[in-house]
Every structure is written in C-alpha cells, then in structure tokens.
Amino acid sequence: MGSKGVLSYLLIAFGLAWAAVFVAHAVLGWSMADPVTQLTVGLPMAFGPAIAAVVVRRWVTREGFADAGLAPRLRAAKRYYLIAWVGPVLVLAVTVGLATAFGLYEPALADLPGPATLLVLVAPVVLTPLFWGEEFGWRSYLQQRVGRSPARAALITGLVWAAWHYPLVFTDYAGYPSPLLGIVTWTLLIVAQAVILAWLFLRSGSVWVACLAHAGNNMVIGTLSAVLLVDAGGLDPASADLLGLVPLAAICAWILLTGRLVPPAEREEP
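Note that the coordinates shown come from a computational prediction; the quantities given were computed from them, not determined experimentally.

1. Details of the side chain of Asp241
Within the fold, Asp241 resides in helix H9 (residues 237-257). In this structure, Asp241 is buried with no salt-bridge partner, the nearest side chain bearing the opposite charge being Arg139 at 16 Å. One polar contact links Asp241 to Tyr176, side chain to side chain, over a distance of 2.4 Å. Dropping the residues within four chain positions of it, Asp241 is found in contact with Tyr176, Thr185, Trp186 and Leu189.

2. Quick word on the packing of aromatic side chains
The full count for this structure, using the stated rule, is nine aromatic pairs. Here Tyr80 and Trp199 contribute two aromatic rings whose centre-to-centre distance is 5.7 Å and whose plane-to-plane angle is 80°, an arrangement assigned as edge-to-face. Here the residue Tyr80 occupies a position in helix H3 (residues 78-101), and Trp199 occupies one in helix H7 (residues 179-204), the gap between them amounting to 119 residues. By relative accessible area, Tyr80 is classed as buried at 6%. For the pair Trp199 and Trp254, a centre-to-centre distance of 5.4 Å together with 85° between the ring planes defines the contact as edge-to-face. With a gap of 55 residues between them, Trp199 in helix H7 and Trp254 in helix H9 connect regions that are remote in the sequence. An aromatic cluster is built from Tyr9, Trp138, Tyr141 and Trp164, whose rings are joined through pairwise contacts.

3. Concerning the nonpolar core
Core analysis: the largest hydrophobic core is formed by 64 residues, its most contacted members being Tyr9, Trp138, Leu142, Trp164 and Leu200. Going through the elements one at a time, helix H1 (2-27), helix H2 (35-60), H3, helix H5 (123-138), helix H6 (150-169), H7, helix H8 (207-232) and H9 are the ones with two or more residues in this core. A per-element tally of this core places H7 first, with 14 residues. Those residues in contact with Trp138 that sit more than four places away from it in its chain are Tyr9, Phe14, Pro49, Gln143, Thr157, Val160, Trp161 and Trp164. Leu92, Ala99, Val220 and Leu224 belong to the second-largest nonpolar core, a separate cluster that totals 13 residues.

4. Here we look at H5
An α-helical segment advances 3.6 residues per turn. Residues three or four places apart therefore align on the same side. Helix length check: H5, at 16 residues, gives a terminal C-alpha distance of 22 Å against a target of 22 Å (1.5 Å per residue), a fit within 8%. By the largest-angle criterion, Pro129 marks the main kink of H5, which is about 55°.

5. Considerations on the environment of Arg73
Residue placement: Arg73 occurs in the loop between H2 and H3. Given the relative accessible area of 38%, Arg73 is considered partly exposed. It is 40 Å that separates the C-alpha atoms of Arg73 and Ser31, two residues lying 42 residues apart in sequence. Sequence-distant contacts of Arg73, that is, excluding residues within four places in its chain, are made with Lys78, Tyr81, Ser204, Gly205 and Ser206.

About the criteria used
Position labels on residues start from 1 in each chain and follow its written sequence. Residue-level local features of this predicted model are given only where pLDDT is at least 70; pairs of side-chain atoms are given and counted only at 80 or more, and the full residue set underlies all totals for whole chains, interfaces and linings. Only hydrogens and water are set aside; all other atoms, that is, all heavy atoms of the structure, feed into the side-chain values. Secondary structure follows DSSP: runs of H or I at least 4 residues long count as helices, runs of E at least 2 residues long count as strands, and numbering of each begins at the N terminus. Remark: exposure states derive from per-residue accessible area (1.4 Å probe, protein chains only) relative to the maximum for the residue type, with buried under 20%, exposed over 50%, and partly exposed in between. Residues scored as charged are limited to Lys and Arg (positive) and Asp and Glu (negative), so that His and the chain ends carry no count. Salt bridge, as applied in this entry: a Lys or Arg side-chain nitrogen positioned within 4 Å of an Asp or Glu carboxyl oxygen. Contacts described as polar in this section are N or O atom pairs within 3.5 Å, which, within protein, must combine one atom able to donate a hydrogen with one able to accept it, while residues neighboring in sequence count only if both atoms come from side chains. By definition, residues are in contact when any of their heavy atoms lie within 4.5 Å. Only centres within 6.5 Å qualify two rings of Phe, Tyr or Trp (six-membered ring in Trp) as a pair; their planes then separate them into stacked at under 30 degrees, edge-to-face at over 60, and tilted for everything else. Among buried residues, those of type Ala, Val, Leu, Ile, Met, Phe, Trp, Tyr and Cys that are joined through side-chain atoms within 4.5 Å constitute a nonpolar core. Helices are assigned an expected span. That span is 1.5 Å times one less than the residue count. Fitting one axis to the seven residues ending at a residue and another to the seven starting there, the bend at that residue is the angle between the two axes.

Structure (structure tokens):
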C-alpha cells in the first residue's frame, strides 16, 4: 500500500505541475515571468501536491487523514509558529550581511521595495493558506512515507521537491544564466529548506507551521534576496542561492547533529 500510494502521489503531483509549465511555456509561448502566467500556471503547481495527497489518501490507499497534521495547534505549537514567522527574516539578514562582508553588495535603503515591512511581516501570514497546497503534499504526506528515518525522509523529500521545480529552471522564471548550475544551487537550497520544514512539521505536529515557514521562505528570503542581491546588487541568481545556503545549512546542521528531527514524543528539547 505504501509504494502504491507514493507512486500515485508522485505521478499526480509531477503530472499537474510539469504539464502546466509545458503547455504555458513551450506550447503557448507565455513568459513564466509574467504575473498573469504565474497566476494561471501557479494554481496547478501550487495545489498539485495537495490534490495528489487528497486523491491518494481518500481513494487510492484509503488511509484517511489522521496523520496529516491538519489541526492548527496554535497554543501548543506557538513557539514553532514564531520561529516560522521570524526565522526567514533572520536568514535574509544573515544572507545580506554575508554579501556585504564579502564586498558583493553595498546596502542601501533605496534598494528595498516600498512595502518592504508589509512584505516581511504580513505577506507570509496572509499567504500561508496558499502554501498549504504544497506542504500538505510534501511534508504532510510524502515525508512521512519515504526513508527509514526522519532525517533520510527529509532529504529524500527535499530531492523530490527540488526535481518538481526543475522545469522552471529552463524557462525565464528563475533567471539562471546557466540552467545546469541553477539546478545544482537551487537543489541544495531546496533540500536545506526541506530539512528545516521537516523539523517544524514534526516538532509542531501541524502542517500549518510548515505552510507559514514556506510562505516566509518564498516571500521574504526568495523575493527580497532577488530584489537586493540580484536586481540591485548585480549578483547572478546562483551566487545569491549559495549565500542564502550558508545560514540555512547552519540551521540544518544544528537540527541534524543534535537529533532534533523527531516528533516531541520521542525527544524533549531543552
């Protein structure tokens, strides 16, 4: 039942996303950098993993949703909600600090978009439901069904999640001068994010914590890194990826080396 469910999930999740990108970019010739295209294609991509998980849980394996982490657990998981909300801001700050220290970027307030505070503090919260479309598939379903340990499951899920994004590298969406280099750096970045999201999901017991962190990753780390380091600083996207990987890798090392990638019942953190 497990392998059948995972295979069915992957076929649906990848099929919806890759087909949408292929039709929009290769067949219709739409620019993936166009917000209208992103809205059109983004729906099957953003909710494809969740659709796949619902279909598999409900009709393929009939296992139900008991382990899906759908309860918000606002009081019990408040610590992890705070980490998911504030963490991306700190990662962005370290990333920009590293770029500045290496002489790759000169900070300027003018580089920040006008509603920067809104983007940093409000957008991740408002957009959290949108990222349920991915997290209900990757963390809530796939992560719990691959690998013999939570660490291995997180890494496998991260690699699969990265591959799911690969069609975007070969369009004008990601902006990598070298697509192959972009695949390497983006994969490293996504796998690191997968470990952190796995920790937040397991420790909080709620998929909504992972959704909030995912929203922060995209809206704070991803968007503002591109604005500051790529658009204003002139760095290529792959270099910006590697700078962002430094704080993310440090967090991953702390999680993995201290054995924190387990549910609360199996380990009590100090």
